[in-house]
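So you can see what is in the structure, the chains are spelled out below.
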There are 2 protein chains.
Amino acid sequence: MTHQRQVILEELRQVHTHPSADEVYDMVRKRIPRISLGTVYRNLEILSETGAIQKLESCGSPKRFDGNPDDHYHIRCIACDRLVDAPADIHLDVERELSETTRFKVVGYKLEFLGFCPQCLEISNPA
Amino acid sequence: MTHQRQVILEELRQVHTHPSADEVYDMVRKRIPRISLGTVYRNLEILSETGAIQKLESCGSPKRFDGNPDDHYHIRCIACDRLVDAPADIHLDVERELSETTRFKVVGYKLEFLGFCPQCLEISNPA
DNA sequence: TTTGCTGCAAATCCTTTGCAGAGGT
DNA sequence: ACCTCTGCAAAGGATTTGCAGCAAA
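Residues numbered from 1 in each chain as written. Chains lettered and ligands numbered in written order. Predicted model: local features only at pLDDT ≥ 70, side-chain atom pairs only at ≥ 80, totals over all residues. Heavy atoms only, no water.

1. Some thoughts on the sheet that holds strand β4 (residues 83–85) of chain B
Here comes step 1: Pairing is mixed across the open sheet formed by 6 strands, whose spatial order is β4(A)-β3(A)-β5(A)-β5(B)-β3(B)-β4(B). Two strands in the sheet have a free side with no partner beyond their single neighbour: β4 (83–85) of chain A together with β4 of chain B. On average, each strand axis in the sheet is inclined to that of its neighbour by 30°, with strand direction left out of account.
Here comes step 2: Here strand β5 (residues 105–116) of chain A pairs with strand β5 (residues 105–116) of chain B via 11 bridges, running antiparallel. Residue pairing across strands places A:Lys110 opposite B:Glu112, the latter belonging to β5(B). (Pairing = 2+ DSSP bridges. Helix = DSSP H or I, 4+ residues; strand = E, 2+ residues; numbered from the N terminus. Axes fitted to C-alpha atoms, helices over the stretch in contact; angles between N-to-C directions.)

Below you can see the structure in the form of structure tokens.
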């Protein structure tokens, strides 16, 4: 656990904004001005491999990272791409659902909710 | 509907492999050798906007395209990235699940299953 | 002294875009 | 003529990688 890695993890743990690698880079640079973007990418990769953080590859736009390693869902704003935790008590029994319809060995699923965040709703529907 | 667009749609409708833009390019080039990759991208975009095909942005790796415009799920092989239709009778009532826990206006969700395809299972567990 | 990590820069991959010319109406 | 589309090539964004030096065990 190098200093760089430590700082990246700390910064990520302190926010709930699910920043992209680039945003993490900006955050960390305040404490380690000479850190490189490559190092940030490398450490985000390592941290997510070890399970210390989560890598959210959901789609299109840059990947996001989540300092909370616990399994939970997210909802993404269709308008501004904001990503927010979405506590939902959903547990799909994928084994049962799919084993008869595909010859795959199903091991999990990726689920992300889509919608409009309060800010974007406000803009399109001013009070 | 130009010739190029027509051919791209036809090719996509004939397969069930969920090809990437690059693979569509290869398929179409057999019939229109001088078509450009840019044109393929442009038409895939247009076709998915009009709902004639689906763009599957699921994650990381290149986007895939699906000649079947009807709503259905997919399962992705963790090992080889193969993408296959996954008929599953799942309907999440997202409004109900999430409206109390986030201030978003929920409009849908993205769900993709993960697993190992028969071919990759075979490789790791030869009969 | 070996191993792994860094900063830097260049490279890579996928996708989009500017532009001038071609095609269709 | 007008408008849209094309092919081509160059640009773009996000991410990865090669390399030489550095740091810690």
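2. Thoughts on the protein's contact with DNA strand C
Here comes step 1: The environment of DNA strand C is made up of 15 residues, and the closest members are A:Thr2, A:Arg34, A:Thr39, B:Tyr41 and B:Lys63.
Here comes step 2: Of what DNA strand C places within 4 Å of the protein, 75% of the atoms are sugar or phosphate.
Here comes step 3: In this structure, A:Thr39 approaches DNA strand C through a side-chain N or O atom, which is 2.5 Å from a phosphate oxygen.
Here comes step 4: Within the contact set of DNA strand C, a base nitrogen lies 3.1 Å away from a side-chain nitrogen or oxygen of A:Arg42.
Here comes step 5: Secondary structure elements with two or more residues in the surface near DNA strand C: α1 (3–14) and α3 (37–49) of chain A together with α3 (37–49) of chain B.
Here comes step 6: Considering only residue class, the surface near DNA strand C consists of 4 nonpolar, 6 polar and 5 charged. (Near = heavy atom within 4 Å. Polar contact = N/O pair within 3.5 Å; in protein donor to acceptor, adjacent residues only side chain to side chain. Nonpolar A, V, L, I, M, F, W, Y, C, P; charged D, E, K, R; others polar.)

3. Thoughts on the relation of the copies chain A and chain B
Here comes step 1: In the superposition of chain A on chain B (RMSD 0.2 Å, axial shift 0.1 Å), the rotation amounts to 179°. Taken together, these values place the two copies in the relation of a two-fold axis.
Here comes step 2: Comparing contact sets, 100% of the residues at the interface of chain A also lie at the interface in chain B, consistent with an isologous, same-surface contact. (Least-squares fit on C-alpha atoms with pLDDT ≥ 70 in both. Contact = heavy atoms within 4.5 Å.)

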